[in-house]
Amino acid sequence: QKEVEQDPGPLSVPEGAIVSLNCTYSNSAFQYFMWYRQYSRKGPELLMYTYSSGNKEDGRFTAQVDKSSKYISLFIRDSQPSDSATYLCAMRGQNDMRFGAGTRLTVKP
Amino acid sequence: EPEVTQTPSHQVTQMGQEVILRCVPISNHLYFYWYRQILGQKVEFLVSFYNNEISEKSEIFDDQFSVERPDGSNFTLKIRSTKLEDSAMYFCADSLRKGGDYGYTFGSGTRLTVV
């Protein structure tokens, strides 16, 4: 079983839609959970950072962590064409960060 | 905003040649990382580095790879004898704290093409 599982998509939505991106994981030691956004031929850019279970909101983005189910989500409200990118979940315990495969999102005008 | 700078942006090399990928981390960050991303695949951890030594490395980081911080500012990844399968984007990242409590800052990457 992979440490971090993420559906690679691609996912295509109309502008204004609510987007839901998800990852599951197997390592109970993971405590810190992050979402990165990656544009083509660029490095990952940190979007959201959460520690332990619960929700965290930042503008149009909401990150959700359910440690009991080993499941994390990123919601994007009122999606914009500029949100079109690959979204990577990432997580770590005491050691270094591990990434999901990334979900490619396209928001169509 | 502080950023991690990587050079070159694109390097083409012949199989069997040595390459050195360079990174200039953010000045007060102390933990450094190399990741790679083969085209269309996930971002994979290679190595972490702190206090002039390797903290952790993955199984990908075999004897043909090495890292060093030669002058206190640059952070380099050397691949001694490149193979076709080393073709990938290589990302340098850094963090203020171990493991990146507030996430890592990534550079824009070096695209390595081995021919």
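Throughout this document, residue positions are counted from 1 along each chain, in the order its sequence is written. Going through the entries in the order they are written, you letter the chains from A and number the ligands from 1. Per-residue local features are limited, in this predicted model, to residues with pLDDT of at least 70; the limit for side-chain atom pairs, both in listing and counting, is 80 or more; totals at the level of whole chains, interfaces and linings are taken over all residues. Each side-chain value is derived from all of the structure's non-hydrogen atoms; neither hydrogens nor water enter the calculation.

Enquirer: Requested: an account of unusual backbone geometry, with residues and values cited.
Expert: The residue after Gly9(A), namely Pro10(A), is reached through a cis peptide bond having omega 10 degrees. Helix and strand labels come from DSSP, where a helix needs a run of H or I of at least four residues and a strand needs a run of E of at least two; each type is numbered from the N terminus. Within the secondary structure, Pro10(A) sits in the loop between strand 1 (4-6) and strand 2 (11-14). A cis amide bond links Thr7(B) to the next residue, Pro8(B), at an omega of -10 degrees. Note on placement: Pro8(B) falls in the loop between strand 1 (5-7) and strand 2 (10-13).

Enquirer: So what about the pattern of salt bridges? Which residues, and what values?
Expert: Salt bridge criterion: a side-chain nitrogen from Lys or Arg within 4 Å of a carboxyl oxygen from Asp or Glu. This model, assessed by the stated rule, comprises 6 salt bridges over all chains. With a shortest N-O distance of 2.8 Å, Arg60(A) and Asp83(A) are connected by a salt bridge. With Arg60(A) in the loop between strand 6 (54-58) and strand 7 (61-66) and Asp83(A) in the loop between strand 8 (71-76) and strand 9 (85-92), the pair connects residues that are 23 residues apart, well separated along the chain. A salt bridge links Glu56(B) to Arg98(A); its shortest N-O distance comes to 3.2 Å. One end of the pair, Glu56(B), is in strand 6 (residues 53-57); the other, Arg98(A), is in strand 10 (residues 98-99), on a second chain.

Enquirer: Could you give an account of the packing of aromatic side chains, with specific residues and numbers?
Expert: The rule is short: rings of Phe, Tyr and Trp, with Trp giving its six-membered ring, pair when the centres are within 6.5 Å, and they are stacked under 30 degrees, edge-to-face over 60, tilted in between. Scanning all chains against the criterion turns up 19 aromatic pairs over all chains. Between Phe99(A) and Tyr35(B), the aromatic rings sit 5.4 Å apart at their centres with planes inclined by 85 degrees, giving edge-to-face as the arrangement. One end of the pair, Phe99(A), is in strand 10; the other, Tyr35(B), is in strand 4 (residues 31-37), on a second chain. Throughout this description, buried means an accessible area under 20% of the type-specific maximum (1.4 Å probe, protein chains only), exposed means over 50%, and partly exposed covers the range between. According to the relative accessible area criterion, Tyr35(B) is buried, its value standing at 0%.

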